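One letter stands for each residue in the lines below.
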Amino acid sequence: MSWEIHRAGHAFPRFAKDWNRLNDELHGGHPAFDSRFVGALLAHFGSGSESLCIHRSGDDVDGALILSSRGFGRWALFLPAQAPVGALLVKDARSLETLMPALPGHAWTIDLLAIDPAFEPDWSRLLLPRTVVRHQLTMAVATGGDFLAYWQARPNKQARPNKLRSNLRRYQRRSGDHAASVRVTRDPGEIGAAVSRYAEVESVGWKAATGTAIGTDNPQGRFYAQLLSDFAASGQARVVELWFDDRLGASRLVVCHERMWIMLKTTYDESLAAMAPGRQLLHEALQVAFADMPAGAVEFYTNATRDQTEWATHLRHVCHHQLYRNATVANFHGIARALRGRFAGRDAAQPPAAFDATGVAAYRNPAEIPPAMRSLFDAAAGREVELSLEWFANLQATVFGDDDSVRYYGAELNGSPTVILPVHVSRGDGGRAPEIESLSNFYTSLYAPLVGPGADPTDLARLLQAARADCARASVLNFHPMAVDSRAYEAMVVALRSIGCIPFRYFCFGNWYLKVDRSWSAYLEQRDGVLRNTIRRKRRRFLAAGGSFEIVTGMAEVESATAEFNALYRQRWKRAEPYAAFIPGLMRWLAASGTLRLGIARLGGKAIAAQLWIVSGGKASIYKMAYDEAQAIHAPGTLLTAHLMERVIDVDRVTEVDYLIGDDPYKQAWMSHRRERWGIVAYDAASLPGIARLLFEILGRAIRRTPAGIDGKQGLLSTRPSWRRRTP
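In this text, all values refer to a predicted model and were calculated from it rather than measured experimentally.

What counts, and where the lines are drawn
Residues numbered from 1 in each chain as written. Predicted model: local features only at pLDDT ≥ 70, side-chain atom pairs only at ≥ 80, totals over all residues. Heavy atoms only, no water. Salt bridge = Lys/Arg side-chain N within 4 Å of Asp/Glu carboxyl O. Helix = DSSP H or I, 4+ residues; strand = E, 2+ residues; numbered from the N terminus. Buried < 20%, exposed > 50% of the residue type's maximum accessible area, 1.4 Å probe, protein only. Core = buried A, V, L, I, M, F, W, Y, C linked by side-chain atoms within 4.5 Å. Contact = heavy atoms within 4.5 Å. Expected span 1.5 Å × (residues − 1). Pairing = 2+ DSSP bridges. Axes fitted to C-alpha atoms, helices over the stretch in contact; angles between N-to-C directions. Parallel < 35°, antiparallel > 145°, perpendicular 65-115°, else oblique. Left-handed = near helix turned anticlockwise from the far one by under 90°. Nonpolar A, V, L, I, M, F, W, Y, C, P; charged D, E, K, R; others polar.

A. Spatial organisation of the pattern of salt bridges. Tallied over the full model, the rule gives 40 salt bridges. Between Asp684 and Arg468 there is a salt bridge, with the nearest N and O atoms lying 3.5 Å from each other. A residue pair is termed long-range when its members are at least 10 positions apart, and Asp684 in strand β26 (residues 673-684) and Arg468 in helix α14 (residues 457-470) qualify at 216 residues. Judged by its relative accessible area of 13%, Asp684 is buried. Notably, a salt bridge pairs Arg588 with Glu559, separated by 2.7 Å at the nearest N-O pair. Of this pair, Arg588 sits in helix α19 (residues 582-593) while Glu559 sits in helix α18 (residues 558-573); the two residues are 29 residues apart in sequence, bridging distant segments of the chain. According to the relative accessible area criterion, Arg588 is partly exposed, its value standing at 37%.

B. Here's a closer look at the nonpolar core. If you look at the biggest cluster of nonpolar residues, it comprises 78 residues, and the most contacted ones within it are Leu421, Phe479, Leu612 and Tyr623. Contact partners of Phe479, with chain neighbours within four places excluded, come to Leu421, Val423, Glu437, Ser438, Tyr447, Leu464, Met492, Leu496, Tyr506, Gly679 and Ile680. Counting residues in hydrophobic clusters, the runner-up holds 46 residues, among them Ile54, Phe119, Val195 and Ile262.

C. Molecular detail of the environment of Arg252. Turning to its location among the elements, Arg252 is positioned in strand β10 (residues 247-257). Here the alpha-carbon distance between Arg252 and Leu281, two residues 29 residues apart in the chain, equals 8.1 Å. If near-sequence neighbours (up to four positions away) are discounted, Arg252 is found in contact with Arg238, Val239, Val240, Met263, Lys265, Thr266, Gly278, Leu281, Leu282, Ala285 and Phe300.

D. Quick peek at helix α20 (residues 636-651). For α20, spanning 16 residues, the distance from its first C-alpha to its last is 22 Å, which sits close to the expected 22 Å at 1.5 Å a residue. The set of residues buried in α20 consists of Pro636, Leu639, Leu640, Thr641, Ala642, Leu644, Met645, Val648 and Ile649. Arg653 sits one or two positions beyond α20 and adopts a positive phi of about 55 degrees.

E. Structural context of the pairing of strand β11 (residues 260-268). Burial analysis of β11 places seven of its nine residues in the buried class, the great majority of the element. Bridge analysis of β10 against β11 gives eight bridges, and the strand direction is antiparallel. In the strand pairing of β11, Val255 is matched with Ile262. The loop that links β10 with its antiparallel partner β11 comprises two residues. Bridge count for β11 against strand β12 (residues 297-299) is three bridges, and the pairing is parallel. Paired with Trp261 across the two strands is Val298, which belongs to β12.

F. Inspection of the packing of helix α5 (residues 162-174) against helix α9 (residues 277-292) at higher detail. Between α5 and α9, the least distance of the axes is 10 Å, while the angle of their chain directions is 110 degrees. The pairing of α5 with α9 is recorded here as roughly perpendicular in orientation. Between α5 and α9 the crossing geometry is left-handed. In contact with Leu164, Leu168, Tyr171 and Gln172 of α5, α9 contributes Arg279, Gln280, His283 and Glu284. Among the residues forming the contact of α5 with α9, the class breakdown is three nonpolar, three polar and two charged.

G. Summary view of the packing of helix α13 (residues 389-400) against α19. As a packed pair, α13 and α19 sit with axes 9 Å apart at the nearest point and diverge in direction by 155 degrees. With respect to α19, the element α13 is oriented roughly antiparallel. The crossing of α13 and α19 is right-handed. Contacts between α13 and α19 involve Glu390, Trp391, Asn394, Leu395, Thr398 and Val399 from the former and Phe582, Gly585, Leu586 and Trp589 from the latter. Each residue belonging to the contact of α13 with α19 can be placed in one class, and the counts come to six nonpolar, three polar and one charged.

Structure representation (structure tokens):
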């Protein structure tokens, strides 16, 4: 696998076929990524120095993009102002890890500009450090169904706002003295004339004064004339016009395919502004799009205003991604950027937006969280019980109590929830400054922000900024334990780096689990012979001695079973639970929800072993166990594990059994796979305490220099430390 670097102006036509094949495979033939579009951009706005980067795996081209050098080792995606979105065609984002060494000179950063999140690669396994900032809020209109269902109130459909519809009726009444008509030009022989008419209208408007207007004979005019002509040849261009009598009132340029329209440009006769011809045309053009494309979307690729979003069915943020050669480069660049922002009196994170559709709120407890936000917890709970709202409610009530620093930060985009970040502020020891931490402690085996389908790393960055604003003294942010291979983990690293913090990954613990693909008896036959013999021999003796097993699942027995469990725990560890109410609260909630599997082994009616298992979302989690050491001769822990394992495999039919925390050798006898849970600690590079802690972190890692694991390609400053786990 390797990259080839070519002069784009000369080589692009030769690779146009491969380029289009990739666009078809990855993005369904996105019109703005089409070789005709990109080729026209190069021909009319390229400087001649652009580099076409082609990645091959064997003989197959599986990556392509065009970069421009910005000097001093900086490169950026080729993106003239006429490009609605950045063209990044890579099957596997990991191929970008070898791009910088292949570029001329010593490249240290690449700016991937204006990347549409709906058409981007999977970033989760990319090892290169990355920051993400918002470029613009774009909008789309889905054309599924009929236009009236979109425009007016219909069952199960969202109507356009009343104000928008009433305003449009008013504009239409104002133009009642004129015969209004809509013309759609798509014929290749007529498209050039339609573009010329567009240019005539725009060249006398406000854009002419700013030098951005399409003219009949300027680079912009020639570009759009070629572009629309090339796309019209395959039936993929439209010029939609609104005429009042014989006068052109407004015009829109469109490129498209069978599932997408892209609104490239719009103009209107400014002398007709009282009739809002641009808005009237948009209403008419959308009707044409609904008829032309019954199941697709109209994409605007504009920095949407509040008024424009009233037309949208979907909103999303087009973002700039910055890739760094390694973590050392990223960290030094992050420090410099944060300090520049501090001395300039501004935040180093997101640039201000003309219209901010993202709302951020902070909730002090689960009872304050509105139903729409709770839906994110419900969706996450289907995968992980420890991400349910009930889990956090029990944790907060029994562990954090009246700690006023607990917050659930929530973000929503135009009213739709995207991310929730549960955190608290640790007060620090010995005068140490407070730290913002995940809402977790030693009871937690897995933590993650609650991320909805429409979220992006910038939403998480906004919540992190809100947490820092509420605790201005905190210069350290710490989140653990997280699934290292999850998108949420990578999104957290990116978000922290994007707000001006310097993140470091660290190992927490190993996690052993079983993929269930057979019955209990078949599973047992695959276990080690010593374990099988122990189970069979000890079970016979245990039952013969008057032993019995019980699995508590409901509310009727939960109180007495909890008391037995706690008594065994105190006997085993010679101390009570550090937070006495947590386990009882957990068991009551699990019993009420039907997810409790509390196994108890008794001998002569007395409990000698107990295990708390949780069955939820097709997974059985072995959460906590205790046994009487005086009865070790009966191996009650092993027998109870086997009894519960049989239950969850054959009765509950789970697909996974999870041993949660730790690499204890006995877990390997039962489980089939191992994964890791990691944490992220980040330091505010714009504060003196943050820089001091950062220097200690770097020094400590340099001294330890343990194997870097997943961070092997991220440089000296990412060597992992051991986990600083806080236990009672």
